[in-house]
Amino acid sequence: MAKATVIGAGLAGSEAAWQVAQRGIQVDLYEMRPKVMTPAHHTENFAELVCSNSLRAAAVENAVGLLKEEMRQLNSLVMQAADATRVPAGGALAVDRDAFSRQITDAVKNHPNITVFNEEVTELARHQADVLVVASGPLTSPQLSESIKKLTGTDYLYFYDAAAPIVTLESLDMEKIYRASRYGKGDEDYLNCPMNREEYEVFWQELTQAETAAIKEFEKAIFFEGCMPVEEMARRGIDTLRYGPLKPVGLENPAGGERPYAVVQLRQDNFAATLFNIVGFQTHLKWPEQQRVFRLIPGLEQAEFVRYGVMHRNTFIDSPNVLQPTLQMKKHPAILFAGQITGVEGYIESASSGLVAGLNAARLAMGAEPLVLPAETAHGALCRYITQAATKNFQPMNVNFGLLPPLERKIRDKKMKNGMIADRALESLREFKENFEN
Ligand code: FAD
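Reading the values: the criteria
Residues numbered from 1 in each chain as written. Predicted model: local features only at pLDDT ≥ 70, side-chain atom pairs only at ≥ 80, totals over all residues. Heavy atoms only, no water. Helix = DSSP H or I, 4+ residues; strand = E, 2+ residues; numbered from the N terminus. Rg over C-alpha atoms; globule rule 2.2 N^0.38 Å. Buried < 20%, exposed > 50% of the residue type's maximum accessible area, 1.4 Å probe, protein only. UniProt positions renumbered as here; feature names shortened; annotations may be inferred. Contact = heavy atoms within 4.5 Å. Pairing = 2+ DSSP bridges. Axes fitted to C-alpha atoms, helices over the stretch in contact; angles between N-to-C directions. Domains from an automatic or database assignment. Buried area = accessible area lost by both parts, 1.4 Å probe. Salt bridge = Lys/Arg side-chain N within 4 Å of Asp/Glu carboxyl O. Right-handed = clockwise from strand over helix to strand, strands pointing away. Near = heavy atom within 4 Å. Nonpolar A, V, L, I, M, F, W, Y, C, P; charged D, E, K, R; others polar. Core = buried A, V, L, I, M, F, W, Y, C linked by side-chain atoms within 4.5 Å.

Draft legend 1. Broad picture of the overall build of the chain. Counting its regular elements, the chain contains 12 helices and 16 strands. A compact globule built from 438 residues would reach a C-alpha radius of gyration of about 22 Å, and the chain, at 22 Å, matches this within 12%. Taken along its principal axes, the extent of the C-alpha atoms in the chain is 65 × 50 × 45 Å. In the chain, which comprises 438 residues, the proportion classed as buried is 57%.

Draft legend 2. Summary view of the UniProt feature "binding site: FAD" (unreviewed entry) in the chain. UniProt marks G8, A9, G10, L11, A12 and G13 with the feature "binding site: FAD" (unreviewed entry), using the numbering shown here. Mapping G10 onto the fold places it in the loop between β1 (4-7) and α1 (11-22). Residue G10 is classed as partly exposed on the basis of its relative accessible area, which comes to 21%. Setting aside anything within four residues of it in sequence, one finds G10 in contact with E31 and A47. Position of L11 relative to the elements: it lies in helix α1. On the basis of relative accessible area, L11 is assigned to the buried category, the value being 10%. Residues within four places of L11 in sequence aside, it is in contact with A47, E48, L49, V78, F100, Y347, S350 and A351.

Draft legend 3. Representation of the side chain of S136. Considering the arrangement of structural elements, one finds S136 in the loop between β7 (131-134) and α5 (142-152). Other than its neighbours up to four places away in sequence, S136 contacts I7, L144, I148 and I341.

Draft legend 4. Up close: the sheet that holds strand β11 (residues 190-195). Read across the open sheet, the six strands follow the order β10-β11-β12-β13-β9-β14; overall the sheet is antiparallel. Whereas interior strands pair on both sides, the edge strands pair on one side only; in this sheet they are β10 (178-180) and β14 (305-307). Each adjacent strand pair in this sheet contributes to an overall mean axis angle of 40°, direction not counted. Looking at chain direction, β11 and strand β12 (residues 262-268) are connected through five bridges and run antiparallel. Counted as the bridge partner of L191 is L266 from β12. Strands β11 and β12 of the sheet are contacted by helix α6 (residues 197-209), whose axis makes an angle of about 95° with β11.

Draft legend 5. Highlighting the domain arrangement of the chain. Domain boundaries assigned for the chain yield domain 1 (3-156 + 317-435) and domain 2 (163-312). If you average the C-alpha positions of domain 1 and of domain 2, the two centres end up 30 Å apart. Overall, the association of domain 1 and domain 2 removes approximately 1600 Å² of surface from exposure, summing both partners, and the carbon and sulfur fraction of that is 56%. The largest share of the area that domain 1 buries against domain 2 comes from C51, P88 and R97, three residues that together contribute 24% of it.

Draft legend 6. How the structure looks around the pattern of salt bridges. This structure, assessed with the given rule, holds 17 salt bridges. Residue R56 pairs with E349 through a salt bridge whose shortest N-O separation is 2.6 Å. Of this pair, R56 sits in strand β3 (residues 54-57) while E349 is found in helix α10 (residues 347-366), placing the two residues 293 residues apart along the sequence. The exposure class of E349 is buried, given its relative accessible area of 0%. In this structure, E434 and R430 form a salt bridge, with 2.7 Å as the shortest nitrogen-oxygen distance. With E434 and R430 both in helix α12 (residues 414-436), this residue pair falls four residues apart, about one helical turn. For E434, a relative accessible area of 55% gives the class exposed. Residue R430 is classed as partly exposed on the basis of its relative accessible area of 41%.

Draft legend 7. Broad picture of the pairing of strand β2 (residues 27-30). With burial as the criterion, each face of β2 is covered, one bearing V27 and L29 and the other bearing D28 and Y30. With respect to chirality, the unit in which β1 leads through α1 into the neighbouring parallel β2 is right-handed. The pairing of β2 with strand β6 (residues 114-117) spans four bridges and is parallel. Opposite D28, over in β6, you have T115 as the bridge partner.

Draft legend 8. Structural context of the side chain of N418. Its place among the elements puts N418 in helix α12. Residue classification places N418 among the buried positions, given a relative accessible area of 8%. Leave out the neighbours within four places in its chain, and N418 touches V60, E61 and F401.

Draft legend 9. Seen up close, the site of the ligand. Lining the immediate environment of the ligand, one finds 33 residues, of which E31, V121, Q340, G346 and Y347 sit closest. Looking at the shell around the ligand, the elements that each hand over two or more residues are α1 and α10. Here the residues of the shell around the ligand sort into 13 nonpolar, 14 polar and six charged.

Draft legend 10. Geometry of the nonpolar core. F100, I104 and F337 are the most contacted members of the largest nonpolar core, which totals 89 residues. If you look at the next biggest cluster of nonpolar residues, it comprises 32 residues, including V167, A210, M233 and L285.

Structure follows, in structure tokens:
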């Protein structure tokens, strides 16, 4: 039986290696950290969450909730760790980031079928005899990027991703801040910093005029809407933030019951509830400017920043030209890609594509036909999208219900409609599993 090689022990690579190993195949897993770090990772742990600690919506009426449920049904390691390290976050599934990645690291490193090599892969050709999964992420090292570029024969696209700052709870002024979840959902999980009109307008002025970090030559200013820097969003108009991350609706102040003019929300970032991230505040501001401007937020006057917001490059291949829906390369079927580098966007989307690549790498190693997951499932829909999207200006995609086939009859109620699509997806996955595996 052939061996498999996986490059990168991030969200996708850890899941892929696990899926292969669980099927009795030997895996060589290459991870360059901590010898070579990326600009966003801070630890040597596998599956490190580089920005938010939220894995987004939990309920299956939301497409990312459905994707997570499908992953559970497919015995995902990432979902086992996520469920075990959950922290309160209203309707979202958020995790203690350290506990989450430590659990994944331990499971992968201790798996009898996985051998971890702590080195940077610079040349793919060395591994081409194996079944190979490339899961080196949006911050793939430059030499490997070059090698991938040669293999795919396509040009890369670059754009910015952004990380939000994290502050300590003890540095916050809790006289001004109140606990609540939007519309009372969840258990008062968020810390809310209310602003009156005057405070908001001063903040907006300073935010739009603050100094940003220099843009590197190779990075083009293409912002992916899901991760737009807060200052860029603010520049679109004085009220844009009040209709976006600073929306006050459903967040009335319990003291007096009034709705503030705007609200900045902070979300718990660790189990101990000592650290909080500023929701939606991905930013490209210089660090001293972040301190100056974000301390204008009521309650954050003395905030201690344990991590500032940063912005990074994202690297992804032109999947519609390069990949099949099985995540195998069209030109080299023994090579599969997984994770953000395929043009999926997000932690869970990356891990789910690692699951599909791992499943198919195992099948290739066993001499079996690789599988395409049903179009009615979130997995199948996402894999189809990235490999079959219009190729002109291909851009990364989060999972969403728009990617799945519509129901046969029209349902007006959105929640009910999404629930029915989710039921159909899970039924389709159950049938699929019965047909293909133990
Ligand atoms: P990664 O998790 O980055 O894993 C790739 C691994 O490959 C890394 O461990 C890296 O060290 C290793 N590697 C790279 N090159 C080599 C090499 N040559 N040899 C060996 N190993 C190598 N998504 C969200 O859902 N929410 C967010 O808040 C969010 N914020 C983000 C913030 C930033 C700054 C970035 C860059 C991305 C963010 N994303 C976010 C997008 C994306 O979901 C994550 O980047 C996710 O980690 C991608 O998973 P992955 O497995 O593809 O890559």
